[in-house]
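A closer look at the structure
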Amino acid sequence: MADIASDLPMPATRPMRLHRISLLGWPVYAWFIVLVLVPNLLLIGTSFLRTSNGMIAFDPTIASYLRLWKSASFQFLLVKTLATSFGAAAIGCLIAYPMAYYAARVVQKNRSVLVLLVIIPLWISLLMRVFAWRMILGQNGILNSFLVGSGILDQPSEAFLYTGFSVLLTYTYISIPFCFIAIFTALEKIPHSLIEASQDSGASAWQTFRHVVWPLSRPAVAIGFSLAFLMTVGDYITPSMVGGIDGTMIGMVIASQFGIANNWPYGSAIAVCLMVSVGVVLAVVMWAGQTKGVLMGDEGARPPVAAHRLSPGRRLLRAGAAVAFALPYLFLYAPLALMVLMSFNDSSVQAFPLSGATLRWYGELAENGSMLEAVQRSLVVGVCVVLASTVTATGFAFAIHYGRVRQARFFEFALALPVAIPGVVLGIVMVLATQLAQIPSGVGRIVIGQASFVMPVVLMIVLARLRRLDGALLEASMDAGANHWQTFVHVLFPSIRGAIVGGALLGFTLSADDVMVTLFLSGTSPTLPIWVWNQMRFGFTPSVNAIFTLVGVGSLLAIVICNRLLNRASAAGAGSGR
Amino acid sequence: MTDASQPILSLARIDKTYDGATRPALDRVSLAVAPGEFFSILGPSGSGKTTLLRMIAGFERPDVGRVLMDGEDITDVPPFRRDVRTVFQSYALFPHMNVLENVAYPLRMAGARKAERLAKARDCLHLVSMGDFAARLPHQLSGGQRQRIALARAIVCRPRVLLLDEPLGALDLRLRQQMQHMLVSLQRELGIAFVYVTHDQGEALSMSDRVAVMSEGRIAQLGTPREIYFAPSSEFVAQFVGRSNLLPIDCEPRGGALTALLDGKPLPGVAVPRSGAARMAIRFECVRLAPAGEPAEGSCSVPGTVEDVLFLGNALEVNVRCGGLNIIAAVPSAEGERFASGQPVQVLFDAANATVFHG
C-alpha cells in the first residue's frame, strides 16, 4: 500500500482552491494604484509645488511647509482641531462605555434593538444631524426659546451656537455611536466564565472590572476612539454650520484652499500635516490601548444569569441604571425628533410653541425642480457607485480570500486606506486624481470619488462573510460531484448573498449621504445633500426639515432591510461557521 | 471517613427551578462532603449536576434549602467571599495574563504582597509540573497545559473545597488518564475536599471516595464506587453506570418460593422481592459463554445463538440471540476466535450478579 502511495505524484498546490483565472489579482493591484497610491502621492507631490496667478506652477519648493512652519495661527488651529476631536472622542467613549456595558452585560432581552437604536443615527445624514443641532443651539433656536420662555434668561443667548463648545458638543454627538459599537462588540465577547473565574478567585465586582473586564475591552475602546476621532478630525461641515469664527477647524481651511482661496499646494501641505498628526495621535492611542493575549473563543460565552430575589436597594440601583442608560438615547434622538416635528410646524421660525400642523413644506418640495433634479442625480450616482463597488468588492474578496493576490494582507489594508483618511483630505485627494485624469466635474467624478471609500466597506463585509464560511461546505459540494462553477452558483454565492446585498445597501446610504467628498467633485451638478448644503448657505427654509425627514425615513428603511439581510447572513453563518 | 467528623460542606434540601423552565433543575437535593474527601457527582447532561456545582460555588441561589460550609450557612454569601474554588470546564484562564499572573490572581485579590504571591504561584506551578511555562500566555498552551494552569489557580489559595466541572472533558484519552492520576495524588497531598462533576462513569468510579449519581435533578444513588457499581439501587443507575443487559422477567410463586422466569424458564437463585413483571440487570462482564450443551454447574443458563461479535481490544462483546431477547456478554479477547456469528452457545451468569427492579 505504502509503495503505491509513494509512487503517485504529489500535487504541489493546496487541494481546496477555486480555479479562477489567475489574472484575478491584477484588478486589485490596478485599483490600489489608481485610486489609492497615485492620488495620495499626488497630494504629497502637490504640497511641494507653488501657485502663481491662481495656476499651479511645476516648480518644486517647500514654500508651503515653510509658510506653515512660521504660521502661529495654523499651528494653533491644528492643535485646536486635534484637541476638539480628541476631546469629543474621549467624552464619547466615556458616555458610550457604561452604555455598552449595560447593553452587553446587564440587559437580558431586546439587546439587538438597543444596539440598533444607537447605530441608527450613524446612518442618518450627517448634514441632518448637524443641522438639527444648529436648530437647537441657535439664537432663535429651541434651547434659547425654552430658556427665555421659562424665564431663566432675559434674552436669547449667543453663547450656544458659533463657539468651540458647540463644535465639541456636535462632535461628541457624532462620536458616541462609533465608540459604542466598538466597545459593545468587545464587551459582549468576554466569556461569562472569565467573570465567574474572577469572582471565584475572590475578586469583588470592582476588582473584576479593573483586572479582567477593562483590560479585555481596552483595545476596543482604542478602536472606537480612533474611529470617532477620524470621523470628526477631517470634518469641515460641522464647524462651518455650528462653529462660526470661534469654532473654525482645520478642515475648513483645507476646503477653502481648494475653493475660494484657490491655493492647492498650500491646501495639500495642510492636508499632509493633518494626516501626519492624525497618524501620530492614532498610533499613540492604539499603543496605549493594546492588551496582550488572545481570546481563544473556547472559554464558553454563557450569557449572564439573572440574579434572583433582588433586595429593594438593588432594585432601586437597577432602576437608576436603566434611567441612566436611557439618557444617552435621549441625547441621540432628541435632535432628530425635533427636526421631524418642525417639518410639520406651520411657521418659518424654528421655535416653540408650535403654531399648528401643516404639510406645506412637503408640498413645496414637490414643486422644487432643482431639488428633484438633485434627487434624481443622487439616485443615479448611488446606483452607479453601488454597482461598481459591489461587483468590484465581491471580485476582490474572492481574489484575496482564495489566494489570488500576493501580499493579500497588505492589499486588504491598503484598499481600506481611503476609509481611514479624514473626509476633507480624501475629498481633495480625489479632486487631484480626477483632475489629472481630466475627468470633468459632475456625475463621473462623484462616482469615482465615492467608490473609493464605498468599495472598501463592501469588501470588508463580503470578506468577513467569506472568512466565516466553512471550507468543508465547498469541499462537500465538490465531493457531491459539482464542478467549480456549479459550486459557486449553488453553494458559495447563496451563502454570501446576504452579505453582498447588505453591503450594497450600506454602500448606498454612504453614497447618498456623503457631503465631505462629494462637495469637492460635484461642480455645478449637485447631489441632494450638496443641494441642501447650498440652500442652507443662502439661508434657511423650513423645507430643509421636510427633506431631511424624508431622507431620514429613507435611510431608516434601507438600514432595516440591510440589517435584516446581514442578520440572516450571519445567522446562516453561525450555523455553518466555527 | 468517620461519622464523628463534621462535614466540610453540606447541602440541605436544595430546590432550584430556572425562570421559564417547567421541570426543576434540582429537586430536594441533600448531601454532605467530609473533609479531604474525593466526592463525585455523576450524571448525564441535563441532570442538574452543573447547577449543583454552581450552587456550591455561589453562582446560583437555591429557591429553597441551605448550603452549609463547616456548619456555617453560606447560602447568601457571594462567590468571592466563599472559601471554595472552581476549576472551570472551559478553564476560564484570563487571556491577557501570563501563566504566573493567572495563578497568582487569587492571591492578588486576597491582598498578598507581590513577592509572596509570585513565590507561592511558582510553587504551585511546580506542583502541577508546569514550572517552565510561567511566562507563557494562555493561547500559547495546549489544552492539557491550560487544564493544569486552571487547576493551579484553583488550589493556590488552598481552599477547603475544590470544585471541578468536567475538567477532563476536552482532553484526549491518554491525557485524561494522566490527569486522573495527577488529580488523585494531588488531592491526597493537599487534603482538600474535591467535588468532581462528570458524566464519565470511569472517572467517577476510579477516583472517588463516594459518588452521587444524579438523574433529572435528584440524587438517584449515593454511595461508594463499589456500591454504585455492584448494587445499583435503580434501573437508571444500573444502566448509566457500567454496561448492563436489562432483561424483562416475570416473578411467580413456584414450589413455595418466588421464582424469576426469563422467557418462561426459571432462573434458580435469583432473589426477587415480590411477584409480577420486573426487569433484571446483569452486567456484560458478568455474563459468560460456554459451548452449547455443556452443563451449567449452578449458574443460570440460557441457550442462544451468536448474532455478532465486536472486538474491543481487551475484550470481545458477543451479542447472543436467546429466543426473543438479546444478551450481550463481554468475554476476554484471549478466549480468541471461539465465537463466530451463527454459532449456538450457552449464556451463563451467577444469580448473585443479577439485580432485579420492579416497576
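Each value, and the rule that gives it
- Residues numbered from 1 in each chain as written.
- Chains lettered and ligands numbered in written order.
- Predicted model: local features only at pLDDT ≥ 70, side-chain atom pairs only at ≥ 80, totals over all residues.
- Helix = DSSP H or I, 4+ residues; strand = E, 2+ residues; numbered from the N terminus.
- Buried ≥ 20, exposed ≤ 12 C-beta atoms within 10 Å, placed from the backbone.
- Contact = placed C-beta atoms within 7 Å.
- Nonpolar A, V, L, I, M, F, W, Y, C, P; charged D, E, K, R; others polar.
- Pairing = 2+ DSSP bridges.
- Axes fitted to C-alpha atoms, helices over the stretch in contact; angles between N-to-C directions.
- Domains from an automatic or database assignment.
- Core = buried A, V, L, I, M, F, W, Y, C linked by C-beta atoms within 7 Å.
- Parallel < 35°, antiparallel > 145°, perpendicular 65-115°, else oblique.
- Left-handed = near helix turned anticlockwise from the far one by under 90°.

The subject of this paragraph is the overall build of chain A. In terms of regular secondary structure, chain A is built from 25 helices and 2 strands. Counting across all 578 residues of chain A, residues that qualify as buried make up 43%. Excluding contacts between residues fewer than 6 apart, the proportion of contacts in chain A whose partners are at least 24 apart in sequence is 80%.

A few words on the interface of chain A and chain B. Contact residues are listed per partner, giving 26 residues for chain A and 23 residues for chain B. Counting only elements with at least two residues in the side of chain A that touches chain B, the list comes to α9 (192–200) and α10 (205–233) of chain A. Looking at the side of chain A that touches chain B, the element that brings in the most residues is α9(A), giving 6 residues. Grouping the amino acids of the side of chain A that touches chain B by side-chain chemistry returns 10 nonpolar, 10 polar and 6 charged.

A few words now on the sheet that holds strand β18 (residues 325–332) of chain B. Residues and elements named next belong to chain B. If you walk across this open sheet you meet the 5 strands as β15-β19-β16-β17-β18, and the pairing is antiparallel. Both outer strands of the open sheet, β15 (288–291) and β18, are each paired with one neighbouring strand and no more. Across the sheet, the axes of successive neighbouring strands diverge by a mean angle of 45°, strand direction being ignored. Relative to strand β19 (residues 344–349), β15 runs antiparallel, the two being bridged by 4 bridges. When the bridges of β19 are listed, Pro291 appears paired with Val345.

This part covers the pairing of β18(B). Residue and element names in this part refer to chain B. Pairing analysis gives 8 bridges linking strand β17 (residues 315–322) to β18, with the strands arranged antiparallel. Residue pairing in the sheet places Cys322 in a bridge with Leu325 of β18. Count of turn residues in the β17/β18 antiparallel hairpin: 2 residues, of which Gly323 carries a positive phi of about 60°.

Residue and element names in this part refer to chain A. Partitioning chain A into domains gives domain 1 (19–61 + 359–578) and domain 2 (71–291 + 314–340). Centre-to-centre, using C-alpha coordinates, domain 1 lies 24 Å away from domain 2. Listed as interface residues are 36 residues of domain 1 and, on the opposing side, 34 residues of domain 2. When residues of the side of domain 1 that touches domain 2 are traced back to their parent elements, those giving at least two are α2 (25–46), β1 (50–52), α19 (423–436), α22 (484–513), α24 (528–538) and α25 (543–576). With 10 residues, the top contributor of residues to the side of domain 1 that touches domain 2 is α25. Classifying every residue of the side of domain 1 that touches domain 2 gives 23 nonpolar, 11 polar and 2 charged.

The next subject is the nonpolar core. Among soluble globular proteins, nonpolar side chains are generally buried collectively. Ranked by size, the top nonpolar core spans 251 residues in total, and within it Ile183(A), Ile428(A) and Val195(B) carry the most contacts. A total of 16 residues in this core trace back to one element, the largest contributor, which is helix α8 (residues 164–189) of chain A. Setting aside anything within four residues of it in sequence, one finds Ile183(A) in contact with Ala96(A), Tyr97(A), Ala100(A), Ser217(A), Ala220(A), Val221(A) and Gly224(A).

Moving on, we come to unusual backbone geometry. Here Gln438(A), not a glycine, exhibits a phi torsion of approximately 55°, which is positive. Here Gln438(A) lies in the loop between α19 and α20 (443–468). Owing to 6 C-beta atoms within 10 Å, Gln438(A) belongs among the exposed residues under this scheme. Despite not being glycine, Arg13(B) shows a phi value in the positive range, around 45°. With respect to the element layout, Arg13(B) can be found in strand β1 (residues 9–16). Residue Arg13(B) is classed as partly exposed on the basis of its C-beta count, with 13 C-beta atoms lying within 10 Å.

Moving on, we come to the domain arrangement of chain B. Residues and elements named next belong to chain B. Splitting chain B by domain gives domain 1 (9–238) and domain 2 (243–358). For domain 1 versus domain 2, the separation of C-alpha centres amounts to 39 Å. With 4 residues of domain 1 at the interface, the matching set in domain 2 holds 6 residues. Here the side of domain 1 that touches domain 2 is composed, by residue class, of 2 nonpolar, 1 polar and 1 charged.

The next point concerns the packing of helix α21 (residues 471–479) of chain A against α22(A). Residue and element names in this part refer to chain A. Contact pair α21 / α22: the axes reach a minimum separation of 10 Å and the direction vectors enclose 160°. Viewed along their axes, α21 and α22 adopt a mutual orientation that is roughly antiparallel. Along this stretch, α21 crosses α22, giving a crossing that reads as right-handed. Only Thr487, His490, Val491, Leu492 and Ser495 of α22 make contact with α21, whose side of the interface consists of Leu473, Leu474, Ser477 and Met478.

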